[in-house]
Amino acid sequence: MFRTALRNVLAHKARLLMTVLAVMLGVAFVSGTLVFTNTISDAFQKSSEKGFTGVDVAVTPHKEDRDKGNPGAAPKLTQATLDKIAQVPGAASVTGSVGGFAAIADKHGKLVGEGFGSTGANYYPGAGGKDPRYAMKTGRAPQNANEIALDTKTADRAGYKVGDTVRLSVDGPVLTPKVTGVFTTDDGNVAAGGSLVLFDTATAQKYYAKAGEFSEIDVKAAAGTSQTALKAAVDKVLPRDTESQTGQKLADDQAKEIASGMETMKTTLLTFAGIALFVGIFIIANTFTMLVAQRTKELALMRAVGASRGQVTRSVLIEALVVGAVAAVTGLVAGIGIGAGLRSLLGSTGATIPDGPLVISPGTVVASLVVGIVVTMLAAWLPGRRAAKIPPVAAMSSVHAAASPRSLVVRNSIGAAFSAIGAALVLAGSEQGILALGAGLLLIGVFVLTPLLSRPLIAAAGPLLRPFGISGKLAQLNAVRNPRRTAATASALMIGLTLITGMTVIAGSTQQAIDKMATKAIKADYIVSMASGTPLSPDVSKKLAESPALSAVSPLRTTAARIGDDHQSLTGVNGKSIADLAKYDFQSGSFAGLSGDKAVVDDKLAKDHGWKVGSSFTATVEDGQKIPFTVSGIFKSSELVRGVMVDNATLAPHQSDVVDMQILVKAKDGVGTAAKDSIRKTLGDNPAISIKDKQDISNDIAKGINLMLNILYGLLAMAVVVAVLGVINTLAMSVFERSQEIGMLRAIGIDRGGIKWMVRLESLLISLFGGVLGIGLGVFFGWAGGRLIGKSLADFELILPWGRMALFLLLAALVGVLAALWPARRAAKLNMLTAIKAE
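Residues numbered from 1 in each chain as written. Predicted model: local features only at pLDDT ≥ 70, side-chain atom pairs only at ≥ 80, totals over all residues. Heavy atoms only, no water.

*Asks:* Sorry, what's going on with the overall build of the protein chain here?
*Replies:* A tally of regular secondary structure across the protein chain gives 29 helices and 25 strands. Buried positions account for 49% of the 839 residues belonging to the protein chain. For the protein chain, the proportion of contacts with a sequence separation of at least 24, taken over those separated by at least 6, is 82%. Surface accessibility of the protein chain: about 38200 Å² in total, with carbon and sulfur atoms responsible for 60%. (Helix = DSSP H or I, 4+ residues; strand = E, 2+ residues; numbered from the N terminus. Buried < 20%, exposed > 50% of the residue type's maximum accessible area, 1.4 Å probe, protein only. Contact = heavy atoms within 4.5 Å. Areas by Shrake-Rupley, 256 points an atom, 1.4 Å probe, with all protein chains shown as cover.)

*Asks:* Looking at this structure, how should I read the packing of aromatic side chains?
*Replies:* Given two aromatic rings, one states the distance between the centres and the angle between the planes to describe the pair. Under the defined criterion, the tally for this structure stands at 16 aromatic pairs. Plain terms: the ring middles of Tyr134 and Phe183 are 5.4 Å apart, the flat faces sit at 70 degrees to each other, and that makes the pair edge-to-face. One end of the pair, Tyr134, is in strand β7 (residues 134-139); the other, Phe183, is in strand β11 (residues 178-185), and 49 residues separate them in sequence. A single burial state applies to Tyr134 and to Phe183, both of which are buried. A ring pair is formed by Tyr584 and Phe635, whose centres lie 4.9 Å apart and whose planes are at 55 degrees; its orientation type is tilted. Taken together, the residues Tyr584 in the loop between α20 (578-581) and β19 (586-589) and Phe635 in strand β22 (residues 626-635) connect sequence positions 51 residues apart. A network of ring pairs unites the aromatic residues Tyr584, Phe586, Phe591 and Phe635 as a single cluster. Above the face of the Trp757 ring, Arg760 is positioned so that its terminal group lies 5.2 Å from the ring centre. (Phe/Tyr/Trp six-rings, centres within 6.5 Å; stacked < 30°, edge-to-face > 60°. Lys NZ or Arg CZ within 6 Å of the ring centre and 35° of its normal.)

*Asks:* Would you mind showing me how to read the pairing of strand β12 (residues 195-200) here?
*Replies:* A regular strand places its side chains so that they alternate between the two faces of the sheet. Counting buried residues in β12 gives six out of six residues, a clear majority hidden from the surface. Neither face of β12 is open: one carries Ser195, Val197 and Phe199, the other Leu196, Leu198 and Asp200, and all of them are buried. Of the pairings in the sheet, the one linking strand β6 (residues 118-123) to β12 comprises six bridges and is parallel in character. Among the inter-strand pairings, Tyr123 is bridged to a residue of β12, identified as Asp200. (Pairing = 2+ DSSP bridges.)

*Asks:* Sorry if this is basic, but what is going on with the sheet that holds β12 here?
*Replies:* One key point about sheets: their strands pair by backbone hydrogen bonds, in either a parallel or an antiparallel sense. The strand order β4-β6-β12-β8-β11-β7 describes an open sheet built from six strands, whose pairing is mixed. Among the strands making up the open sheet, the edge pair consists of β4 (99-101) and β7. Geometrically, the sheet is characterised by an average inter-axis angle of 35 degrees between neighbouring strands, direction not taken into account. The pairing of β4 with β6 spans three bridges and is antiparallel. Within β6, the position partnered with Phe101 by the bridge is Thr119. (Axes fitted to C-alpha atoms, helices over the stretch in contact; angles between N-to-C directions.)

*Asks:* For this particular structure, what's the right way to read the sheet that holds strand β15 (residues 242-246)?
*Replies:* Spatially, β3-β14-β1-β15 is the arrangement adopted by the four strands of the open sheet, whose pairing is antiparallel. The open sheet terminates on both sides in strands that have one partner only, identified here as β3 (91-97) and β15. For this sheet, the mean angle separating the axes of adjacent strands, direction not counted, is 20 degrees. As defined by bridge partners, strand β1 (residues 57-61) adjoins strand β14 (residues 216-221) across three bridges and the pair is classed as antiparallel. From the neighbouring strand, Val57 faces β14, where its bridge partner is Val219. Relative to β3, helix α4 (residues 79-86) is tilted by about 165 degrees, and along the sheet it contacts β1, β3 and β14.

*Asks:* Would you mind going over helix α8 (residues 227-235) with me for this structure?
*Replies:* Since one α-helical turn is 3.6 residues long, residues separated by three or four positions face the same way. Among all positions in α8, only Leu230, Ala233 and Val234 are buried. Take α8 and look down its axis: the buried residues cluster within an arc of 100 degrees, on one side only. The elements touched by buried residues of α8 are β1, α4, β3 and β14. (Arc of directions from axis to C-beta.)

*Asks:* Looking at this structure, I do not really get the pairing of strand β24 (residues 662-667). What am I missing?
*Replies:* Relative to β24, strand β16 (residues 526-530) is paired through three bridges, and the arrangement is antiparallel. Residue pairing in the sheet places Val528 in a bridge with Ile663 of β24.

*Asks:* For this particular structure, what's the right way to read the pattern of salt bridges?
*Replies:* Between side chains of opposite charge, pairing is possible as soon as their charged atoms come close. All told, the structure shown has 14 salt bridges when counted by the stated rule. Linking Asp241 and Arg240 is a salt bridge whose minimum nitrogen-to-oxygen distance equals 2.4 Å. By relative accessible area, Arg240 is classed as exposed at 69%. The salt bridge partner of Lys249 is Asp253, with a shortest N-O separation of 2.7 Å. Here Asp253 and Lys249 lie together in helix α9 (residues 247-294), a separation of four residues that amounts to about one turn. Lys249 gets classed as partly exposed once you look at its relative accessible area, which sits at 39%. Within the structure, one salt-bridge network assembled from shared partners comprises Lys107, Lys161 and Asp164. (Salt bridge = Lys/Arg side-chain N within 4 Å of Asp/Glu carboxyl O.)

*Asks:* Is there a simple way to think about the side chain of Asp200 in this case?
*Replies:* As for its position among the elements, Asp200 is in strand β12. A distance of 2.5 Å separates the side chain of Asp200 from the side chain of Thr203, its partner in a polar contact. (Polar contact = N/O pair within 3.5 Å; in protein donor to acceptor, adjacent residues only side chain to side chain.)

Rendered as structure tokens:
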């Protein structure tokens with residue numbers, strides 16, 4: 001039986017090619033994902049480990065205070081603390097670190113890199129006047145506020161050398177220091193493609209902390225002192241609200257964070273790989289079902305000469321094993337290439353990724369082989385079981401056992417039950433889990449019912465086929481000749497288009513809702529912020545307030561506070577101008593008179609505390625002082641507008657570091673190029689500062705949503721490709737089955753062109769059938785998901801993307817046309833006499 005199975009694989013290798021390709025693509029997706037995520041994770045971990053090579057113990061403010069921002073609890077690491085730690089037995093050297101964002105412009109005025117990859121830090125001279133973290137390649141370390149040093153990669157990218165003047169920004173104002181040195185470093189951010197600017201310690205403290213303060217103190221152990229022993233000694237001299245950790249613990253924690261971060265990406269990619277493999281199951285099952293049907297006499301003869309049902313089933317499964325093994329190995333090789341390609345592609349987009357080798361773990365190899373073989377054998381099990389049940393006499397008499405009415409009734413009943421339960425759960429679903437369960441059951445139900453649905457839906461296309469004459473009529477009859485085969489082929493495309501359409505509907509509707517929320521609450525013409533999202537210096541708002549081209553300016557500030565036992569963030573604004581810059585939906589009161597002890601609050605907060613206009617409450621602010629406030633307005637909260645808003649003049653005296661998150665600006669002449677240019681010139685043409693109007697905000701939201709959709713389309717494209725292979729496979733094997741019939745049609749006068757059109761139209765009908773079902777289900781799921789989102793997103797409104805849905809239907813039609821090219825050509829080239837004599 002084993003030799004028979006191998007012979008059958010070799011005899012039908014052309015027909016099994018599409019199955020191999022389908023499984024190979026799925027396995028390639030899985031192995032490529034594992035190779036890619038393992039490679040990136042390993043590169044980041046090794047890069048982070050390098051950053052801790054000179055750190056045996058690190059001292060930082062207590063994590064809880066850093067995370068919560070407790071009012072009155074602002075732990076500081078001072079020079080005095082550093083000096084105490086330096087005296088600890090076992091401490092060889094101590095380094096104080098302070099850093100943050102630093103944006104550098106190249107010689108053309110454009111930013112070098114972007115986001116948090118652009119950093120600044122201090123050069124802390126130790127023994128011999130050198131900082132062991134940064135080795136100067138050329139020049140010397142910075143010594144005053146007018147000097148900086150750049151890492152070699154940034155200097156090369158921007159074209160700077162020692163002696164050049166650089167334009168950079170830390171928190172808004174443009175700085176023009178001189179480059180005094182270019183250095184090399186093992187800093188993980190630099191290794192990942194980021195930029196690093198070094199200041200002298202006093203200057204870095206001025207920009208990122210306060211004079212004499214550090215954000216971290218790193219201690220290197222003396223020879224013979226373990227990290228654990230050094231930590232215990234350091235802990236004895238630490239002030240309260242600070243904590244220490246060993247370098248090994250920091251490296252391990254960072255490795256876990258990297259692994260956790262990569263896990264989300266890995267899970268997402270593997271989910272889409274699973275979808276592609278799930279779609280591939282339809283092709284595998286279809287292929288083996290058709291192969292079994294074509295070999296009915298052969299299998300019957302085997303039964304007649306003594307083969308048991310189990311042996312027949314095992315012979316089919318051995319064929320599947322061989323096919324799965326070939327597909328798994330080729331998929332693994334292709335996946336390694338995909339992983340390497342994704343790594344290069346990510347690097348070419350400017351993403352900060354450290355260098356590192358391609359990681360192909362034993363787990364990746366095993367997972368790829370297991371997935372390919374198991375999926376193929378599972379999909380082939382049912383056709384193999386059916387093959388074993390064929391009665392030898394009936395099979396040898398060429399009596400092909402068609403599906404009995406009873407089996408069809410059972411199938412339709414099961415499909416109807418799944419669909420009804422799934423639809424009910426989707427309609428009643430008030431939670432994400434219930435909705436997902438309902439969607440899954442409904443999708444299964446529709447798949448089970450597709451043979452029943454195929455007849456009426458394909459029959460409805462009859463009028464459109466009349467212009468094609470007899471070819472159109474035959475195509476329609478062939479498409480419904482075997483409803484189960486048609487259903488399995490169309491379902492592969494249906495699943496992909498269901499997901500694509502559903503996500504498009506939800507994404508488009510969500511984009512509109514967020515766009516409305518982001519713009520309707522804003523009366524300002526422009527919003528000024530750092531391009532990186534980091535805080536702005538108050539000097540920026542002062543400069544804007546002095547501009548004659550602007551009529552109103554309000555910086556937005558936030559500070560941690562405590563109201564009762566609840567932690568609450570206070571938002572500071574310019575009470576005199578905020579009414580001209582923001583439009584809130586007030587239920588009572590207004591922005592009028594927002595100064596001194598007045599505050600406006602959102603309706604949910606007011607309800608929780610029982611407040612109304614005129615109510616009083618006390619807030620404990622950053623310096624530990626308790627400030628009494630009176631509610632002067634209550635506005636409707638949203639995802640973007642909530643909390644407590646007070647006047648900046650009230651907050652500023654209690655803040656240790658006054659910074660602005662954004663600045664709302666209204667121009668005297670309204671939105672226009674002149675107004676934007678005026679703001680840009682007022683701020684010294686600073687490339688690190690972003691100036692956006694409402695349209696820019698809308699465009700950013702749309703860009704983010706479209707980027708997410710395009711990524712999802714790309715991931716789901718694999719499932720669509722597998723579906724195309726399924727249509728090709730079904731048509732090709734169907735042509736082989738109907739060779740005699742096609743020969744007879746040619747003999748009675750249908751030319752080769754007519755045969756081609758028959759196959760093409762059959763393919764088109766099957767693809768459009770899957771497309772219509774997929775788009776219909778996708779819209780329903782999009783509506784259901786949107787209903788759930790609407791509960792937390794007040795402005796959510798279902799919007800059907802008619803243009804994209806038409807494009808998806810056109811895509812389904814294109815799938816049908818492309819899939820039919822080879823089978824149609826093959827059918828038309830059949831020799832009439834040879835085909836008629838075929839069994």
